[in-house]
Amino acid sequence: MQHAVGSPLPPPPQPGHGPAVGWSPAAHHPGPHQGAAPVPPPVAPGYPAQAPPPHPVAPPQAPAPQQPPGAHQAPGPHRAAPVPPAPDTTGTTGHVPLPPGAPVAVPSVPPAATALPDPASATLAVLLIGPAGAGKTSVAKYWADHRRVPTAHISLDDVREWVRSGFADPQTGWNENSEAQYRLARRTCGFSARNFLANGISCILDDAVFPDRPVVGLGGWKRHVGPGLLPVVLLPGLDIVLERNAERSGNRRLTDEEVARIHGRMAGWYGSGLPIIDNSQLDVPETARVLDEVLSRSIASPPAW
């Protein structure tokens, strides 16, 4: 008879008897080899059975000597090494902590200042307003490129076009879908501007804000960026706007009728108290220089809006 490897062999059968009573191969396989159990000696007739000897009791061990505070204790053979606490990464990107964005406050000017502040070296938040073809994006890029302090440019039209599938094309008109995407893009621009400014980076934004639509107008920009936002209107003549619009392509190019309608609505900014630049006869660098002059006056005396 063959037995499984590693299992104890059964005791040999006695003459005239079968296998040993109580033997169960399954009770001894599978499992590690435990060694044979001790067999008590046979009991002679007339003598009482002896109780098995009690298990030996281990002598009490003396307590381990206590080490003074601060002493190094080696871990035991089976003790897991302590796990260091995870570093606090709240408000950080990688290993560089970034301050959170907050509403932009109104620029402060020292009371003893006699000359106009220099906008080229101040941290500012500027909103450039104007109709399609006014040159907002070109002027904003040039102004941001030529400042002495770090400056970012955010165009609302660029952020709106982040939506690829399902983009609400401006040429299809103003509806609930286009208004929802406009609000989302404006909120995204405001969030980005606040984070740039919180980290010492100026920001200039451009958008075609209508004076007769306060719901989606300056109020939203002020809410998302802060009261320190400085709005400036670019408003060239209609003939200049139509000429610049004709040079556009894709969904940035509007019909002449739509351009004329938008330009007429933008005329409502006259009398609003906001600074207006007529850049009909100005190129981009000259318009940026005039923008600095307007911002100097706005910093010294912020417009009420």
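The coordinates are above.
Because the structure is predicted, anything quoted here is derived from the model rather than measured. (Residues numbered from 1 in each chain as written. Predicted model: local features only at pLDDT ≥ 70, side-chain atom pairs only at ≥ 80, totals over all residues. Heavy atoms only, no water.)

## Section: the packing of helix α1 (residues 136–145) against helix α7 (residues 284–300)
Okay, step 1: Between α1 and α7, the shortest axis-to-axis distance is 9 Å and the interhelical angle comes to 70 degrees. Classified by the interaxial angle, the pair formed by α1 and α7 is roughly perpendicular. Side by side, α1 and α7 meet where Ser138, Val139, Tyr142 and Trp143 of the first sit next to Val284, Pro285, Thr287, Ala288, Leu291, Asp292 and Leu295 of the second.
Okay, step 2: Here the contact of α1 with α7 is built from residues that sort into eight nonpolar, two polar and one charged. (Axes fitted to C-alpha atoms, helices over the stretch in contact; angles between N-to-C directions. Helix = DSSP H or I, 4+ residues; strand = E, 2+ residues; numbered from the N terminus. Parallel < 35°, antiparallel > 145°, perpendicular 65-115°, else oblique. Contact = heavy atoms within 4.5 Å. Nonpolar A, V, L, I, M, F, W, Y, C, P; charged D, E, K, R; others polar.)

## Quick word on the layout of surface pockets
The gaps of empty space that remain are located by a probe, the size of a water molecule, rolled over the atoms.
Okay, step 1: Space inside the largest pocket adds up to approximately 930 Å³.
Okay, step 2: Lining the largest pocket are 35 residues; nearest its centre among them are Asp157, Pro170, Ala208, Leu254 and Ile262.
Okay, step 3: Those elements giving two or more residues to the lining of the largest pocket turn out to be α1, α2 (156–160), α3 (176–198), β5 (202–207) and α6 (256–266).
Okay, step 4: Residue contributions to the lining of the largest pocket peak at four residues, all from α6.
Okay, step 5: By residue class, the composition of the lining of the largest pocket is 12 nonpolar, nine polar and 14 charged. (1 Å grid on protein atoms, 1.4 Å probe; cavity = no way out; pocket = protein on both sides within 12 Å on 5 of 7 lines; lining within 4 Å. Points joined across faces, edges and corners; volume = space filled by probe spheres on them.)

## Structural notes on helix α4 (residues 218–225)
Okay, step 1: Restricting attention to buried positions, one finds in α4 the residues Leu218, Gly220, Trp221, His224 and Val225. The buried side chains of α4 occupy one side of the element, clustering within an arc of 160 degrees when seen end-on. (Buried < 20%, exposed > 50% of the residue type's maximum accessible area, 1.4 Å probe, protein only. Arc of directions from axis to C-beta.)

## Brief notes about the nonpolar core
Okay, step 1: Residues Leu127, Ile129, Leu205, Trp221 and Trp269 are the most contacted members of the largest nonpolar core, which totals 28 residues.
Okay, step 2: Elements with a minimum of two residues in this core: β3 (125–129), α2, α3, β5, α4 and α6.
Okay, step 3: With five residues, the top contributor of residues to this core is α3.
Okay, step 4: In this structure Trp221 touches Leu127, Leu156, Tyr182, Arg186, Cys189, Gly190, Leu205, Asp207, Val209, Gly226 and Leu229, once residues within four positions along its chain are discounted.
Okay, step 5: Listed in part, the 19 residues of the second largest apolar core include Leu128, Ala134, Ala140 and Val232. (Core = buried A, V, L, I, M, F, W, Y, C linked by side-chain atoms within 4.5 Å.)

## Observations concerning the packing of helix α5 (residues 238–246) against α6
Okay, step 1: Here α5 crosses α6 at 140 degrees, and the two axes come no closer than 10 Å. The orientation of α5 relative to α6 falls into the category oblique. Of the two possible hands of crossing, α5 and α6 adopt the one that is right-handed. Across the interface between the two elements, Leu238, Val241, Leu242 and Asn245 of α5 pack against Asp256, Val259, Ala260 and His263 of α6. (Left-handed = near helix turned anticlockwise from the far one by under 90°.)

## Examining the sheet that holds strand β7 (residues 276–277)
Paired through their backbone hydrogen bonds, the strands of a sheet run either parallel or antiparallel.
Okay, step 1: With parallel pairing, five strands are arranged side by side in an open sheet as β4-β5-β3-β6-β7. In this open sheet, the two strands that pair with only one neighbour each are β4 (151–155) and β7.
Okay, step 2: Across the face of the sheet, α4 comes into contact with β3, β5 and β6 (230–234) while running at roughly 160 degrees to β3. (Pairing = 2+ DSSP bridges.)

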